[in-house]
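Letter by letter, the chains look like this.
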Amino acid sequence: MGNLKKQKRIRKAVQALNALATNGHLSGFLTGKIYEGPLKRFCVPGMNCYSCPGALGACPIGAMQSIFGARHPKFAFYVIGYLSLIGILVGRFICGWLCAFGLVQELLYMIPTKKFTVPERVDKILRKLKYVFLAVFVVLLPIILRDEFGVSFPYFCKWVCPVGMFEGGIPLLILNEAMRPAAHFLYAWKLAILLVMIAASIFINRPFCKYVCPLGAFYGLFHKFSFLQLRCDKDACTECGACAKVCRMQVDPSKTPSSAECIRCGECVSACPVSALSMSFLKKGASANVNETVQENA
């Protein structure tokens with residue numbers, strides 16, 4: 001348990017430092033104006049609203065929608081290539097270690113209340129929603145629905161994303177008085193979604209990650225063949241259930257270590273009493289081959 005507590009502290013520290021690093025435009029929180037410098041041309045690896053007063057980079061989901069919804073739509077080669085590279089390298093590791101909104105959800109879940117587990121049958125259906133949001137709101141709607149000028153909207157950012165409201169909508173409205181008259185139905189709608197997500201996060205572990213986040217859905221597509229893999233030594237595993245008990249995403253790592261729902265937080269590895277779980281970039285069997293080579297050379 002000591003290793004698990006230490007691992008949790010380290011991971012939360014990394015999450016917090018990444019949130020500060022990607023939102024380091026501190027003057028924006030004083031002036032109510034967003035950073036528009038050259039760094040905004042580059043996407044950060046996790047969900048981080050472009051409109052956050054402190055944001056130094058662009059949100060990859062917002063960037064993807066902007067490219068698909070441009071007057072002369074193009075395939076989002078840069079964004080999709082960038083996200084695919086991350087997915088191939090580490091899968092959903094970004095969700096577990098670098099996502100600021102993931103940290104917010106985890107902190108809310110720490111509030112001492114009775115927790116709620118979504119019934120398995122309902123949970124399986126709800127988990128498919130993030131793929132619907134990815135396919136429909138991020139890709140299809142920006143391509144299909146356009147105004148009279150041939151321009152589309154970033155539909156997920158505009159109608160769904162609670163991260164944008166949390167990081168951008170609320171701070172900008174507080175800091176920039178000129179924006180307040182524009183806060184009508186859409187603002188109230190997005191605020192309601194955020195409040196629902198905050199309330200849900202108190203009782204359910206990381207509900208946005210499980211059911212809504214299109215970025216997590218995208219990274220999850222690469223999980224089974226990403227370089228970073230979680231593995232279970234079946235010979236060492238005693239099926240005690242300790243790993244499944246601590247899993248934030250309700251995955252049983254002893255049975256499905258390559259699940260697309262796993263965020264590679266590593267808490268299951270620290271919780272395993274017999275060290276049957278491991279996470280590394282090495283291919284399966286590579287460690288054994290290295291050991292055999294060393295012994296032969298010796």
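Cut-offs and rules
Residues numbered from 1 in each chain as written. Predicted model: local features only at pLDDT ≥ 70, side-chain atom pairs only at ≥ 80, totals over all residues. Heavy atoms only, no water. pLDDT = per-residue confidence, 0-100. Contact = heavy atoms within 4.5 Å. Helix = DSSP H or I, 4+ residues; strand = E, 2+ residues; numbered from the N terminus. Buried < 20%, exposed > 50% of the residue type's maximum accessible area, 1.4 Å probe, protein only. Salt bridge = Lys/Arg side-chain N within 4 Å of Asp/Glu carboxyl O.

Turning to the confidence of the model for the protein, a few remarks are in order. On average, residues of the protein carry a pLDDT of 90, and 94% of them reach 70 or more. With pLDDT under 50 throughout, residues 285-298 is counted as low confidence; its partners more than four residues away or in other chains account for 1 contact.

It is worth spelling out the environment of F137 at this point. When you line up the elements, F137 lands in helix α8 (residues 129-144). Of the residues examined, F137 reaches a relative accessible area of 22% and is grouped as partly exposed. Setting aside chain neighbours within four positions, we find F137 in contact with Q65, V132, P142, Y155, F156 and V160.

Under the criterion given, the structure shown has 12 salt bridges. One salt bridge connects E261 with K130, and the closest N-O pair in it is separated by 2.9 Å. Linking E261 in the loop between α14 (242-246) and α15 (267-271) with K130 in helix α8, this pair joins segments that are 131 residues apart in sequence. Take E261 and K130: they sit in the same class, and that class is buried. One network of salt bridges, in which partners are shared, links R11, K12, E106, R206, R248 and E267.

Take K40: it is sitting in the loop between α2 (28-31) and α3 (60-68). Apart from residues lying up to four places away in sequence, K40 is in contact with I34, Y35, Y50, A55, L56, G57 and A58.

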